[in-house]
Amino acid sequence: MANVEDHYVNTNGIHLHVLQIGPTDGPLVILLHGFPEFSYAWRKQVPHLVSAGYRVWVPDQRGYNLSDKPKGIGSYTLDELAKDVIGLIDAAEEKDAFLVGHDWGGAVAWYVATKYPDYITKMVVLNMPHGNVMRKHLRFNPVQRRRSRYIFFFQIPWLPEIRMKLQSFKGLRSALKNSSLPGTFSDSDLEIYTQAWAKPKAYHSMINWYRAAIQKPPSYEHYPKVTVPTLLIWGELDKFLGKEMAQLSIDLCENGRLVMIEGATHWVQHEKADKVNKLITTFFQNR
């Protein structure tokens, strides 16, 4: 992408690596990636948003790629991750922003929208349920528990990191390819991701997101009704998250809409980029 600026933004006591592109006087859009991606996850969305006149900020979230990797599980709670986003909006000298999140980025987006609604104009979440819905299904839905069994493996200290590094991240590359449509992730894409995972302390920090979610659940645990206008986009073939959680999440929104995309997986923004891009900008532009 041409005209992309690399910046390190001070937010919530750390520095996040943030790609910045688009007109400085355009409405601010912040794109939050999930696991195990980084800012590269939004390469098919950024040009479309910029062409629509938006000022786009794409951070590597804390612990990922070029951003700071603070020590300790407590550094990766939803409270801290949400404060990072609010700090970015403040750093942009804006009162509010449009927020888009996929996977873990979607979890952060849900949390920001419920705890700091005045900072968010509208929100788009891709393939991530509302926090209360996810917690209930992890507890009471045996199918979802099987799908999420890797989360419980990640709770073991250091073993997941050692195992993956001994495999040179082969397991993580296979997970991306096996859970997506053929051709979604090219060999060059996977090499770019592998370089990010291999950075010092990166994979350990990435896993700490999962440890914090289980071991240090958010203090703002009882989510209120979501008042921020919300669009939930869901690839129906998601192997990790059951689609039955999608409508239940929208039911917790005062002004929410669900779009289920047939023939797409968890990686919907890659596989159906044109459709996703149009859905996002149409949603942002409609009053």
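Residues numbered from 1 in each chain as written. Predicted model: local features only at pLDDT ≥ 70, side-chain atom pairs only at ≥ 80, totals over all residues. Heavy atoms only, no water.

Q: Would you explain the overall build of the chain in this entry?
A: Looking only at helices and strands, the chain has 13 helices and eight strands in total. If one aligns the C-alpha atoms of the chain with their principal axes, the spans along those axes are about 45 × 40 × 40 Å. Burial statistics for the chain: of 287 residues in total, 55% are counted as buried. Taking contacts inside the chain between residues at least 6 apart in sequence as the whole, the part at least 24 apart equals 75%. Accessible surface for the chain amounts to roughly 12,500 Å². Of this, 53% is attributable to carbon and sulfur atoms. In the chain, 34 side chains carry a positive charge and 28 a negative one; their mean positions are 7 Å apart. (Helix = DSSP H or I, 4+ residues; strand = E, 2+ residues; numbered from the N terminus. Buried < 20%, exposed > 50% of the residue type's maximum accessible area, 1.4 Å probe, protein only. Contact = heavy atoms within 4.5 Å. Areas by Shrake-Rupley, 256 points an atom, 1.4 Å probe, with all protein chains shown as cover. Lys, Arg positive; Asp, Glu negative; His and termini not counted. Charge placed at Lys NZ, Arg CZ, Asp CG, Glu CD.)

Q: Explain the nonpolar core to me, please; I cannot follow it from the model alone.
A: The nonpolar side chains of a soluble globular protein tend to be buried, and buried together. In terms of nonpolar packing, the biggest core is built from 91 residues, with F35 and I233 touching the most fellow members. Among the elements that take part in this core, helix α3 (residues 104-115) stands out by supplying eight residues, more than any other. (Core = buried A, V, L, I, M, F, W, Y, C linked by side-chain atoms within 4.5 Å.)

Q: Sorry if this is basic, but what is going on with the sheet that holds strand β8 (residues 256-261) here?
A: Consider a sheet: its strands pair through backbone hydrogen bonds, and that pairing is either parallel or antiparallel. Here we have eight strands laid out as an open sheet, ordered β1-β2-β4-β3-β5-β6-β7-β8, and mixed in their pairing. In this open sheet, the two strands that pair with only one neighbour each are β1 (5-11) and β8. With strand direction ignored, the average angle separating the axes of adjacent strands in the sheet is 20 degrees. As paired elements, strand β3 (residues 28-32) and strand β5 (residues 97-102) share four bridges and run parallel to each other. Considered in β5, the bridge of L31 is made with V100. (Pairing = 2+ DSSP bridges. Axes fitted to C-alpha atoms, helices over the stretch in contact; angles between N-to-C directions.)

Q: Would you mind showing me how to read the packing of helix α8 (residues 170-178) against helix α9 (residues 187-197) here?
A: When two helices pack together, you describe them by how their axes are tilted relative to each other and by the distance separating the axes. In the contact formed by α8 and α9, the axes pass within 10 Å of each other and the chain directions differ by 140 degrees. The orientation of α8 relative to α9 falls into the category oblique. As α8 runs across α9, the sense of the crossing is right-handed. Here α8 contributes L172, R173, L176 and K177 to the contact with α9, which in turn contributes D187, L190, Y193, T194 and W197. Taken together, the residues of the contact of α8 with α9 sort by class into five nonpolar, one polar and three charged. (Parallel < 35°, antiparallel > 145°, perpendicular 65-115°, else oblique. Left-handed = near helix turned anticlockwise from the far one by under 90°. Nonpolar A, V, L, I, M, F, W, Y, C, P; charged D, E, K, R; others polar.)

Q: Is there a simple way to think about the environment of N255 in this case?
A: If you trace the backbone, N255 turns up in the loop between α11 (244-250) and β8. When the C-alpha positions of N255 and T230 are compared, they lie 6.3 Å apart, and in sequence the two are 25 residues distant. Here N255 is in contact with V226, V228, P229 and T230, once residues within four sequence places are set aside.

Q: Would you mind showing me how to read the environment of K95 here?
A: On the secondary structure map, K95 appears in the loop between α2 (78-91) and β5. Separated by 24 residues in sequence, K95 and Y119 place their C-alpha atoms 6.3 Å apart. With sequence-adjacent residues up to four places away left out, K95 is seen in contact with I89, D118 and Y119.

Q: When you look at the pairing of strand β4 (residues 55-59) in this model, what are you seeing that I'm missing?
A: Every regular strand shows the same layout, with side chains that alternate between the two sheet faces. Counting buried positions along β4 yields five of five residues, so the element is predominantly enclosed. Covered by surrounding structure in β4 are R55, W57 and P59 together with V56 and V58, the residues of both alternating faces. Relative to β4, strand β2 (residues 14-21) runs antiparallel, the two being bridged by four bridges. Pairing of V18 across the sheet is with P59, part of β4. As paired strands, β3 and β4 are joined by three bridges and run parallel to one another.

Q: What am I meant to see in the side chain of N208 here?
A: Here N208 is to be found in helix α10 (residues 202-215). What N208 contacts, discounting residues up to four positions off in sequence, is G72, I73 and Y76.

Q: Mind showing me how you'd approach unusual backbone geometry here?
A: Most peptide bonds take the trans form, and the phi angle of most residues other than glycine is negative. Omega for the peptide link from F35 to P36 comes to 0 degrees, which places this bond in the cis form. Phi angles above zero are rare outside glycine, and E93 is one such case at about 60 degrees. Along the chain, the position of E93 falls in the loop between α2 and β5. A relative accessible area of 73% means that E93 is categorised as exposed. The phi angle at D103 is positive, at roughly 55 degrees, despite the residue not being glycine. Judged by relative accessible area, D103 falls into the buried class, the value being 7%.

Q: Help me out: how do you make sense of the environment of M123 in this one?
A: Following the sequence through the fold, M123 ends up in strand β6 (residues 120-126). Expressed as a C-alpha distance, the spacing of M123 and A82, which sit 41 residues apart in the sequence, is 14 Å. Excluding anything up to four places from it in sequence, M123 contacts L99, A109, W110, A113, V226, V228, P229, T230, L231 and F283.

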